[in-house]
Amino acid sequence: MKSDKYEQIFKRNKIWAEDASKKDKDFFSNLYKQQQPEFLCIGCSDSRVPANTVTGLDIGDLFVHRNIANVVSNNDMNLMAVIQYAVEQLKVKHIVVCGHYGCGGVQAAMKQESYGLLDHWLKNIRDVYRIHYEELEMEHDETKRFDRLVELNVLEQSENVVKTPYVQESYIKNGFPTVHGWVYDMRNGKLIDLNLDFEQELKKVQKVYKLNE
Ligand code: CO
């Protein structure tokens, strides 16, 4: 059965499409011809963190990949293809890994419970916990520990982006893209830049994962 919300989508879409065409008659035909987004955003699938809305960026500005808890895994052919395409074809200038406080995926990874198939995915975040075990275990305030794991997860997943050959090769050749780690605070709607030092990160990563000449 279709709900009222379902029916409304098409009504709203019609109004939105007509409005956009009224403001700029070439709006859709220009976008149809090409996309030139400056940003690739890797975010969480959570319905409360839509990348375009929280960044205020328009249609065509943002190439997006979302999964549970913004994980960057080299086994994930979907995301690896997104990164390669964004870097080599779209030539994005910035790659952002954006996590969020209150992330259900991160919270689930903190629990010693089994979630079936999802455990394989959460392992990526449990790995982050293992790497930063001492720091996290020293924090006795549960909310602060949860917030910190969200931040550390963003930093580790950003590092995983830097490890990819596409990013390393393009940066050495073109001087872009740079990689950033952000956290969105659902409690107040603010974005926080974790100020990842990309050059430093690249140097660190290249000690082991150097993939360019
Ligand atoms: Co989330």
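Here, every reference points to the structure presented above.
Residues numbered from 1 in each chain as written. Predicted model: local features only at pLDDT ≥ 70, side-chain atom pairs only at ≥ 80, totals over all residues. Heavy atoms only, no water.

Draft legend 1. Local environment of the overall build of the chain. Within the chain one finds ten helices and five strands. Overall, the C-alpha framework of the chain stretches about 55 × 50 × 30 Å when taken along its three principal axes. Here the chain, with 213 residues, has 40% of them falling under the buried criterion. Partitioning the intrachain contacts of the chain with sequence separation of at least 6 by distance along the chain shows that 64% fall at a separation of at least 24. Summed over all atoms, the accessible surface of the chain reaches about 13200 Å², with 51% contributed by carbon and sulfur. Counting 28 positive and 32 negative side-chain charges, the chain places the averaged centre of each group 4 Å from the other. (Helix = DSSP H or I, 4+ residues; strand = E, 2+ residues; numbered from the N terminus. Buried < 20%, exposed > 50% of the residue type's maximum accessible area, 1.4 Å probe, protein only. Contact = heavy atoms within 4.5 Å. Areas by Shrake-Rupley, 256 points an atom, 1.4 Å probe, with all protein chains shown as cover. Lys, Arg positive; Asp, Glu negative; His and termini not counted. Charge placed at Lys NZ, Arg CZ, Asp CG, Glu CD.)

Draft legend 2. Local environment of the coordination of the cobalt ion. Looking at the metal site, the cobalt ion is ligated by Cys44 (SG), His100 (NE2) and Cys103 (SG), spaced 2.0 to 2.3 Å from it. Sequence spacing among the residues donating to the cobalt ion works out to C-x55-H-x2-C. Judged by relative accessible area, cysteine 103 falls into the buried class, the value being 1%. (Donors = N, O, S within 2.8 Å, 3.2 Å for Na, K, Ca; no water.)

Draft legend 3. Up close: the layout of surface pockets. In this structure, the largest pocket encloses a volume near 490 Å³. Lining the largest pocket are 23 residues, with Val72, Ser73, Asn74, Asn124 and Asn160 sitting closest to its centre. Elements with a contribution of two residues or more to the lining of the largest pocket: helix H4 (77-89), helix H6 (118-131) and helix H8 (142-162). A per-element tally of the lining of the largest pocket places H6 first, with eight residues. Among the residues making up the lining of the largest pocket, the classes are represented as nine nonpolar, eight polar and six charged. Here the second largest pocket is characterised by a volume of approximately 150 Å³. If you go around the second largest pocket, the residues you meet are Trp16, Asp19, Ala20, Lys23, Asp24, Phe27, Asp58 and Ile59. The element contributing the most residues to the lining of the second largest pocket is helix H1 (residues 4-23), with four residues. (1 Å grid on protein atoms, 1.4 Å probe; cavity = no way out; pocket = protein on both sides within 12 Å on 5 of 7 lines; lining within 4 Å. Points joined across faces, edges and corners; volume = space filled by probe spheres on them. Nonpolar A, V, L, I, M, F, W, Y, C, P; charged D, E, K, R; others polar.)

Draft legend 4. Quick look at the sheet that holds strand E3 (residues 94-100). Spatial strand order, E2-E1-E3-E4-E5: five strands in an open sheet with mixed pairing. Two strands lie at the open edges of the sheet, namely strand E2 (62-67) and strand E5 (190-193), each paired on one side alone. Direction aside, the axes of adjacent strands within the sheet are offset by 25 degrees on average. In this fold H8 packs onto strand E1 (39-44), E3 and strand E4 (178-185), with an angle of close to 160 degrees to the strand it touches most, E4. (Pairing = 2+ DSSP bridges. Axes fitted to C-alpha atoms, helices over the stretch in contact; angles between N-to-C directions.)

Draft legend 5. Focus on unusual backbone geometry. Going from phenylalanine 176 to proline 177, the amide bond is cis rather than trans, its omega being 5 degrees. With respect to the helices and strands, proline 177 occurs in the loop between helix H9 (165-174) and E4. Of note in the backbone geometry, alanine 69 takes a positive phi value of approximately 65 degrees without being a glycine. Structurally, alanine 69 can be placed in the loop between E2 and H4.

Draft legend 6. Summary view of the pairing of E5. Bridge count for E4 against E5 is four bridges, and the pairing is antiparallel. Note on E5: the bridge partner recorded for tryptophan 182 is aspartate 193. With antiparallel pairing between neighbouring strands as the criterion, E4 and E5 make up a hairpin whose turn holds four residues, including glycine 189 at a positive phi of roughly 80 degrees.

Draft legend 7. Up close: the packing of H4 against H9. Interaxial distance between H4 and H9 falls to 9 Å at its minimum, and their mutual angle equals 15 degrees. Regarding the angle of H4 to H9, the classification is roughly parallel. For the pair H4 and H9, the crossing hand works out as left-handed. Where H4 approaches H9, its residues Met80, Ile83, Gln84, Val87 and Glu88 are matched on the opposing element by Tyr166, Val167 and Ser170. Considering only residue class, the contact of H4 with H9 consists of five nonpolar, two polar and one charged. (Parallel < 35°, antiparallel > 145°, perpendicular 65-115°, else oblique. Left-handed = near helix turned anticlockwise from the far one by under 90°.)

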